[in-house]
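# Commentary on secondary and tertiary structure
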Amino acid sequence: MPRFKHLVFELATTEDAPALAVLHTEVSEHLTAQYGRGPWSNKCSPKGVLYGMRTSRAFVAREGSAIVATLHLATKKPWAIDTSYFKPCKKPLYLLAMAVTPARQRQGIGRWCLEEARRVAKAWPADAIRLDAYNSVAGAGGFYATCGFTEVARASYRNTPLIYYEFQPL
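Residues numbered from 1 in each chain as written. Predicted model: local features only at pLDDT ≥ 70, side-chain atom pairs only at ≥ 80, totals over all residues. Heavy atoms only, no water.

### A short note on the overall build of the chain
Scanning the chain from N- to C-terminus turns up four helices and seven strands. Walking the chain from its N terminus toward its C terminus, one meets helices and strands in the order β-α-α-β-β-β-α-β-α-β-β. Against the globule reference of 15 Å for 170 residues, the chain gives a C-alpha radius of gyration of 15 Å, in line with a compact fold. When the backbone C-alpha atoms are referred to their principal axes, the chain occupies close to 40 × 40 × 30 Å. Put simply, of all contacts in the chain between residues at least 6 apart along the chain, 69% involve residues at least 24 apart. Total accessible area on the chain stands at roughly 9200 Å², and carbon and sulfur atoms take up 54% of it. (Helix = DSSP H or I, 4+ residues; strand = E, 2+ residues; numbered from the N terminus. Rg over C-alpha atoms; globule rule 2.2 N^0.38 Å. Contact = heavy atoms within 4.5 Å. Areas by Shrake-Rupley, 256 points an atom, 1.4 Å probe, with all protein chains shown as cover.)

### What about the sheet that holds strand E4 (residues 92–100)?
In a beta sheet, neighbouring strands pair by backbone hydrogen bonds and run either parallel or antiparallel. A sheet is described by the order of its strands in space; here seven strands give the open sequence E1-E2-E3-E4-E5-E7-E6, paired in mixed fashion. The outermost strands of the open sheet, each flanked by one partner alone, are strand E1 (7–11) and strand E6 (150–157). Across this sheet, the average inter-strand angle for adjacent strands is 25°, counted without regard to direction. In this structure, E6 lies alongside strand E7 (residues 160–167), joined through seven bridges in antiparallel fashion. Residue pairing across strands places Tyr157 opposite Thr160, the latter belonging to E7. Sitting on the sheet, helix H1 (residues 17–35) is in contact with strand E2 (57–63), strand E3 (66–74) and E4, with an inclination near 90° to E3. (Pairing = 2+ DSSP bridges. Axes fitted to C-alpha atoms, helices over the stretch in contact; angles between N-to-C directions.)

### Quick look at helix H2 (residues 46–55)
Looking at H2, one finds that the buried residues are Val49, Gly52 and Met53. Projected down its long axis, H2 shows its buried positions confined to an angular sector of 100°, all on one face. Structural note: H2 exposes Lys47 and Arg54 on the side pointing more than 90 degrees away from its buried face. (Buried < 20%, exposed > 50% of the residue type's maximum accessible area, 1.4 Å probe, protein only. Arc of directions from axis to C-beta.)

### What to know about the packing of H1 against H2
Across the interface, H1 lies against H2 with an axial gap of 8 Å and an inter-helix angle of 105°. Here H2 runs roughly perpendicular to H1, going by the angle between their axes. Residue-level inspection shows Ala17, Pro18, Leu20 and Ala21 of H1 in contact with H2, the latter providing Pro46, Val49, Leu50 and Met53. (Parallel < 35°, antiparallel > 145°, perpendicular 65-115°, else oblique.)

### As for the environment of Ile163
With respect to the element layout, Ile163 can be found in strand E7. Counting along the chain gives 28 residues from Ile163 to Asn135, while the straight-line C-alpha distance between them is 5.6 Å. Setting aside residues no more than four positions away along its own chain, Ile163 makes contact with Leu131, Asp132, Ala133, Asn135, Glu151, Ala153 and Arg154.

Take a look at the structure:
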């Protein structure tokens, strides 16, 4: 997308962990301020980010030296996803921990990151991207739907209502 030629989408490094923890905490605090306390109201630590980097590939969108967005792609199914709702495929990837810094939300950066994630997934190779979103006013379900993801189910995990989405085929 020419509009974001100033952004770079790349693998995160362990040195990015403190900045990613700050980004996730800012997003959490922003959602809590807008919608009240919920499962999104968690602080993030560099240690938690590093754990996520061991179990998935973390990507960042950089604007100069600043990280403005992030997401993880994992081959292992996250605990809250029930695969029985999804179309069968051989090599799904799971999109996790997507976040755009609040000051840059609603500018198309999240959509651009999903396009980059599709490009990465195709080269992985994977044949689908799956994810879950909170089924609440603070959830990003509508965003994923407008970005071409298909809703496949609504479920609840540990009393947290979720919507499952997939993008298939790549």
